[in-house]
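# Remarks on the overall topology
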Protein chains: 2
Amino acid sequence: MSERDPIDLLYQPRSIAIIGAKKRAFGFGAGLPRFLLDIGVDPDRLHLVNPKEKEIDGLPVYPTVKEVPGDVDLAIVIVPALAVPRVIGNCIEKRVKVVNVQSAGFAEVGAEGAKAQEEMGRLAREAGIRIIGPNCVGVVNVPGRFATCEVDLDAIRPGGISVVAQSGVFGNVLMDWAPSQDIALGKLATIGNRADIDESDMLDYLGKDPATRVIVMYLEGVKDGRRFIEAARRTSLEKPVLVYKSGETEAGKKATLSHTGSLSGPDAIFDGVCRQAGVIRARDLLELFDMARAFEACPLPKGRRALVVTGSGSQGAMAADRLVQCGMELPEMTAESVAELRSQAPDWMNVGNPLDIGPSGLFALGMKLAMTDSHIDAVIAVPIAPWKVIKPALEMRTEEVSRQMYVAPALLDEAAERTLLIAPMGHPDWVKTVKRFFGPRAPAMATPQNAARALAAMCEYREWREVRTT
Amino acid sequence: MSERDPIDLLYQPRSIAIIGAKKRAFGFGAGLPRFLLDIGVDPDRLHLVNPKEKEIDGLPVYPTVKEVPGDVDLAIVIVPALAVPRVIGNCIEKRVKVVNVQSAGFAEVGAEGAKAQEEMGRLAREAGIRIIGPNCVGVVNVPGRFATCEVDLDAIRPGGISVVAQSGVFGNVLMDWAPSQDIALGKLATIGNRADIDESDMLDYLGKDPATRVIVMYLEGVKDGRRFIEAARRTSLEKPVLVYKSGETEAGKKATLSHTGSLSGPDAIFDGVCRQAGVIRARDLLELFDMARAFEACPLPKGRRALVVTGSGSQGAMAADRLVQCGMELPEMTAESVAELRSQAPDWMNVGNPLDIGPSGLFALGMKLAMTDSHIDAVIAVPIAPWKVIKPALEMRTEEVSRQMYVAPALLDEAAERTLLIAPMGHPDWVKTVKRFFGPRAPAMATPQNAARALAAMCEYREWREVRTT
């Protein structure tokens, strides 16, 4: 039988031990046994460990992991920091494949914690077992329906965006946030203080994972700069890697040191590393996940020529400003497209780029031309309508409104090679309506600015990769 | 009887004419008569004008405004561009006080349109009547329940944030967006191409309007630089003025020229104007309205010393990074506060700034000290909890959870002088819960970064004003 990758066993363990399992009550990790049973873990393959308990949630409890019958692929450790070294020793004796240390109280609290953490990593490496943590909540596998922490798996749309987060809480918050943001998640790893498994290991694993299409990272610092550059470059050749990094300033660095014991170097150096390795940086979480959704859903633009189609001159100008600031071009459409639009457009309508449709009823025509015009590589659509006006129209004569305002699904299918992002603004029901009309091939960005930034990021990535693969 | 300010009559007209009123159907301005009746305009004071109709929505229709019986405070003009000059002539003859020209097709479409628009402005000035527009949707008065365009007044929370937008559609989108963003709106003006009333007039009006606490502007260009600087400076001494300006780049400038016929100058010059006049610039709409809500709800910080209280090291680091980038300080709390926290904190907890509470149950204590500590001027709270864990706890023992996690309302009242922003992240129900616990005195920002930026903007504004008023 061939050895399975221990990181793979983290995401789909055949048997699990929870070390430090508690009688169910309020508090960190307390609901975990019940949660694992609820998501379908076989009770015969779920083993609880706690010297003070005999039975929890109907399962027998063993004094140490050594008494657990059979092999243990994954041990989840939620004991106090002082007890962790002994527990790791037991895991090594038991030949556990991978250990998720969720306990906090290591490098993030001072020198002694850092020493204990280092020792833990050394022991694991010598024994040939892997550790994820300490100070994290482990992993979530959305399509595979497994998690080492309590999350609402049913609420999250499974997809190809995989996430590596240094912070456990970040992972939890993301899982809570993802459904309302329609972020289609694959595999999440919270790597905490990185006694062993670090961001470079995760890049290598997710780079080869066929289910992962985009990798998103939240980092507070890089453990080994050289390894990171190499892993990031290797991975970027396979799929996009997007990063938000804290510790951009001295105060942020101090915060990350006390949070996950990370030493983050000068921000400009990290910036340079990212550029070299084809890694895209984001400035806040909205931007980070807008970019992730764009990369996941869209083909990369073939060039930097973008067209903005909008019903709002103001939103169009905002998108245009940000596009130019991000190094994109806003060319004129072909003479044929312009002539076709002019022949139908009212006098006041601006046939340019942005293409400001206004209330002309020509949004669908504009979109048809935008998606096929040979001067254009990518399209940002910012459909706008006052809800009070459009709502009765939508209710009363959906067909006419559809013809005037929306792109035919057939057109979107035909123009499948063209990158298309939307930035619907206004009433929540209007935003929902627009998303439904455009469907999943045109991800919705939080702002026209974010749409512009996402397009530019896709171009940067394509250009970086082209140079290195041709 | 003293003359009322014509801009005031825009917001609360005693009598209205709709010139170009249409039989109700889909399309721009078509539902306006019905809408005005529905929001409570007295049918005896609502007059419809259209030479082709005799009756609409049960109201008589006059061939021109001149046949309307009695005085007309406000004429709303929705006729084609070519008919506008004749209509303006009629309004002058009728001695209408203020005219809202909603029609498009003027400076934004070329030289002839610009000429017609200029002529319209000249005639109005000579005759002593005021015009708002063309190419806009006029005004909305949320607390006063009046609007010249169809918006859902019942959905919008009345408040002290007044908005001046060059774009009509921007105004409409904002009205649709405001309820879901909990933006408490006062008066909105869309000024379009500014044949007469411009951003400087509106600044002077809103600066003196006692119901307006914060002024938010969407500009595509400034009509008269000198007047704007003076009006902005005057107004900033009274209340904060926040601006998002399109046309930051050449492409954006081109877009604004064809949108509202605005010539926007070099962006760096506008930046300098804003700094001189105490005007705060925002980078996107989320930031713009986050800042507006912060200015409306909070006292200005007395200094730049900020403390971040969080349950998430990652969110804390993000806030810290942006605070420092915006010129804020993150001092240590007093020795007393630190000692009180240390005496109750678990080993792993980081008693610093950010104050990362983690799952210690000390959030309420941290907040109590943050709101009273003498080293601190302003607080950003980023309360975090995994929803799957906190939800049953909230349901089962609200009191204990409240004690551990939330700030007592009495404390918030006592510390009324301290600026407090929150940036709740995660599950939508968690975000709602946090907002409810904190109440309206702690506005919720979209991201920790936006909270940091809003605090810094409040400091910039306070410092600007202090120098000029002491």
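Residues numbered from 1 in each chain as written. Chains lettered and ligands numbered in written order. Predicted model: local features only at pLDDT ≥ 70, side-chain atom pairs only at ≥ 80, totals over all residues. Heavy atoms only, no water.

### Description of the overall build of chain A
When helices and strands are counted, chain A shows 18 helices and 18 strands. Along the first, second and third principal axes, the C-alpha set of chain A runs to 80 × 50 × 45 Å. A sequence separation of at least 24 residues applies to 72% of the contacts in chain A between residues at least 6 apart. Per element, the accessible surface of chain A, about 17,300 Å² overall, is 52% carbon and sulfur. Separation of charge centres in chain A, based on 56 positive and 60 negative side chains, amounts to 2 Å. (Helix = DSSP H or I, 4+ residues; strand = E, 2+ residues; numbered from the N terminus. Contact = heavy atoms within 4.5 Å. Areas by Shrake-Rupley, 256 points an atom, 1.4 Å probe, with all protein chains shown as cover. Lys, Arg positive; Asp, Glu negative; His and termini not counted. Charge placed at Lys NZ, Arg CZ, Asp CG, Glu CD.)

### Focus: the packing of aromatic side chains
All names here are of chain B. On inspection of all chains with the given rule, the structure shows 12 aromatic pairs over all chains. With a centroid separation of 5.8 Å and an interplanar angle of 80°, the aromatic rings of Trp177 and Phe289 are classed as edge-to-face. Of the two residues, Trp177 sits in helix α5 (residues 168-181) while Phe289 sits in helix α10 (residues 285-297), which places them 112 residues apart along the sequence. On the basis of an interplanar angle of 80° and a centroid distance of 5.8 Å, the ring pair of Phe295 and Tyr461 is categorised as edge-to-face. Remark: Tyr461 occurs in helix α18 (residues 448-469) and Phe295 occurs in helix α10; sequence separation between them is 166 residues. Phe295 gets classed as buried once you look at its relative accessible area, which sits at 6%. Take Tyr461: its relative accessible area is 2%, and that puts it in the buried class. (Phe/Tyr/Trp six-rings, centres within 6.5 Å; stacked < 30°, edge-to-face > 60°. Buried < 20%, exposed > 50% of the residue type's maximum accessible area, 1.4 Å probe, protein only.)

### A short note on the interface of chain A and chain B
Taken residue by residue, the interface counts 72 residues in chain A and 72 residues in chain B. Interface area, chain A with chain B, both sides summed: about 5,800 Å², of which 63% is carbon and sulfur. Where chain A packs against chain B, one counts zero salt bridges. At the boundary of chain A and chain B, one finds 10 residue pairs in polar contact (both at pLDDT 80 or more). Listing elements by their share of the side of chain A that touches chain B, those giving two or more residues are α5 (168-181), β13 (241-245), α8 (250-260), α10 (285-297), α11 (313-325) and α14 (387-396) of chain A. (Buried area = accessible area lost by both parts, 1.4 Å probe. Salt bridge = Lys/Arg side-chain N within 4 Å of Asp/Glu carboxyl O. Polar contact = N/O pair within 3.5 Å; in protein donor to acceptor, adjacent residues only side chain to side chain.)

### Considering the side chain of Asn50 of chain A
Residues and elements named next belong to chain A. Relative to the helices and strands, Asn50 is located in the loop between β2 (46-49) and β3 (55-56). Of the polar contacts made by the side chain of Asn50, one reaches the backbone oxygen of Ala21; its length is 2.8 Å. Of note is the side chain of Asn50, whose polar atom sits 2.9 Å from the backbone nitrogen of Lys52. Excluding its chain neighbours within four sequence positions, the residues that come into contact with Asn50 are Ala21, Val61, Tyr62 and Pro63.

### Comments concerning unusual backbone geometry
Cis rather than trans, the peptide bond between Asn353 of chain A and Pro354 of chain A has omega equal to 10°. Looking at where Pro354 of chain A falls in the secondary structure, it is placed in the loop between α12 (335-344) and β16 (355-356). Between Gly133 of chain B and the following residue, Pro134 of chain B, the backbone shows a cis peptide bond with an omega angle of 0°. Mapped onto the elements of the fold, Pro134 of chain B is located in the loop between β7 (130-132) and β8 (138-141). Positive phi values are uncommon outside glycine, yet Arg145 of chain A reaches one of about 50°.

### Some remarks on the sheet that holds strand β16 (residues 355-356) of chain B
Residue and element names in this part refer to chain B. Read from one edge to the other, the open sheet built from four strands follows the order β16-β15-β17-β18, with strand pairing classed as parallel. Strands at the two margins of the open sheet, each flanked by one partner only, are β16 and β18 (419-422). One ladder, built from four bridges, connects strand β17 (residues 378-382) with β18; its direction is parallel. Its bridge partner lying in β18, Ala378 is registered against Thr419. Across the sheet, helix α11 (residues 313-325) is in contact with β15 (306-310), β16 and β17; its angle to β15 comes to roughly 165°. (Pairing = 2+ DSSP bridges. Axes fitted to C-alpha atoms, helices over the stretch in contact; angles between N-to-C directions.)

### A few points about the domain arrangement of chain A
Residues and elements named next belong to chain A. Examined at the domain level, chain A breaks down into domain 1 (6-132), domain 2 (139-296) and domain 3 (299-469). Taking only C-alpha atoms, the centre of domain 1 and the centre of domain 2 are 23 Å apart. A combined buried area of about 2,300 Å² lies between domain 1 and domain 2, and 59% of that area is made up of carbon and sulfur atoms. Seen at the junction of domain 1 and domain 2, the total is three salt bridges. One salt bridge in this structure joins Asp201 and Arg130, with 3.2 Å as the shortest N-O distance. Summed over the shared surface of domain 1 and domain 2, the number is 12 residue pairs in polar contact (both at pLDDT 80 or more). Counting only elements with at least two residues in the side of domain 1 that touches domain 2, the list comes to α1 (6-11), α2 (32-38), β5 (74-77), β6 (98-101), α4 (111-127) and β7 (130-132). Looking at the side of domain 1 that touches domain 2 residue by residue, the classes come out as 19 nonpolar, five polar and four charged. (Domains from an automatic or database assignment. Nonpolar A, V, L, I, M, F, W, Y, C, P; charged D, E, K, R; others polar.)

### Some details on α10 of chain B
All names here are of chain B. For α10, with 13 residues, the first-to-last C-alpha span of 18 Å sits near the 18 Å given by 1.5 Å per residue. Burial of α10 is extensive: 12 of the 13 residues sit out of reach of the surface. The complete set of buried residues in α10 reads Leu285, Leu286, Glu287, Leu288, Phe289, Asp290, Met291, Ala292, Arg293, Ala294, Phe295 and Glu296. Regarding α10, its N-cap is Asp284, as a side-chain oxygen of that residue lies 3.1 Å from the backbone nitrogen of Leu286 further along. (Expected span 1.5 Å × (residues − 1).)

### Regarding the nonpolar core
Grouped together as the largest cluster of nonpolar side chains are 226 residues, with contacts concentrated most on Leu36 of chain A together with Leu36 of chain B. Filtering out sequence-adjacent residues up to four positions away, Leu36 of chain B remains in contact with Ile16, Ile18, Val41, Leu46, Ile76, Phe146 and Ala147 of chain B. (Core = buried A, V, L, I, M, F, W, Y, C linked by side-chain atoms within 4.5 Å.)

### With respect to the relation of the copies chain A and chain B
Between chain A and chain B, which share one sequence, the superposing operator has a rotation angle of 180° and an axial displacement of 0.0 Å; the RMSD is 0.0 Å. Between the two chains, the operation in question is that of a two-fold axis. (Least-squares fit on C-alpha atoms with pLDDT ≥ 70 in both.)

### Looking at helix α7 (residues 225-238) of chain B
All names here are of chain B. Under the 1.5 Å per step criterion, the end-to-end length of α7 is 20 Å for 14 residues, consistent within 8% with the ideal 20 Å. Along α7, the positions that sit buried rather than exposed are Phe228, Ile229, Ala231, Ala232, Thr235 and Ser236. Turning to α7, the residues buried within the fold contact α6 (199-208), β12 (214-219), β13 (241-245), α9 (267-277) and α18. Among the residues of α7, the N-terminal cap falls to Asp224, whose side-chain oxygen and the backbone nitrogen of Arg226 are separated by 3.2 Å.

### What to know about the pattern of salt bridges
Residue and element names in this part refer to chain A. Following the criterion strictly, the structure yields 66 salt bridges over all chains and no others. The salt bridge involving Asp182 is made with Arg157; its shortest N-O contact spans 3.0 Å. Here the residue Asp182 occupies a position in the loop between α5 and β11 (185-190), and Arg157 occupies one in the loop between β9 (146-147) and β10 (158-165), the gap between them amounting to 25 residues. By relative accessible area, which is 40% here, Arg157 ends up partly exposed. A salt bridge links Lys302 to Glu417; its shortest N-O distance comes to 3.3 Å. Linking Lys302 in the loop between α10 and β15 (306-310) with Glu417 in the loop between α16 (409-414) and β18 (419-422), this pair joins segments that are 115 residues apart in sequence.

### Here we look at the side chain of Asp176 of chain B
Within the secondary structure layout, Asp176 of chain B lies in helix α5. Lys388 of chain A is the oppositely charged side chain nearest to the buried, salt-bridge-free Asp176 of chain B, at an N-O distance of 9.0 Å. At a separation of 2.7 Å, a polar atom in the side chain of Asp176 of chain B contacts the main-chain amide nitrogen of Trp387 of chain A. Among residues more than four places away in sequence, those in contact with Asp176 of chain B are Ala385, Pro386, Trp387, Gly426, His427 and Pro428 of chain A.

### Overview of the pairing of strand β12 (residues 214-219) of chain A
Residues and elements named next belong to chain A. Among the six residues of β12, six are classified as buried, and the element is accordingly described as predominantly covered. Going residue by residue along β12, you find Val214, Val216 and Tyr218 tucked away on one face and Ile215, Met217 and Leu219 tucked away on the opposite face as well. In the sheet, β10 pairs with β12 via five bridges, with the strands oriented parallel. When the bridges of β12 are listed, Ile161 appears paired with Val214. Summarising the sheet, β12 and β13 pair through five bridges and their orientation is parallel. By the bridge assignment for β13, Met217 is matched with Val243.

### Considerations on the packing of helix α3 (residues 84-94) of chain B against helix α4 (residues 111-127) of chain B
All names here are of chain B. It is at 11 Å that the axes of α3 and α4 come closest, and there the two elements cross at 5°. Between α3 and α4, the angle is such that the two are roughly parallel. Contacts between α3 and α4 involve Val84, Ile88 and Ile92 from the first element and Met120, Leu123, Ala124 and Ala127 from the second. Its residues assigned to classes, the contact of α3 with α4 comprises seven nonpolar, no polar and no charged. (Parallel < 35°, antiparallel > 145°, perpendicular 65-115°, else oblique.)

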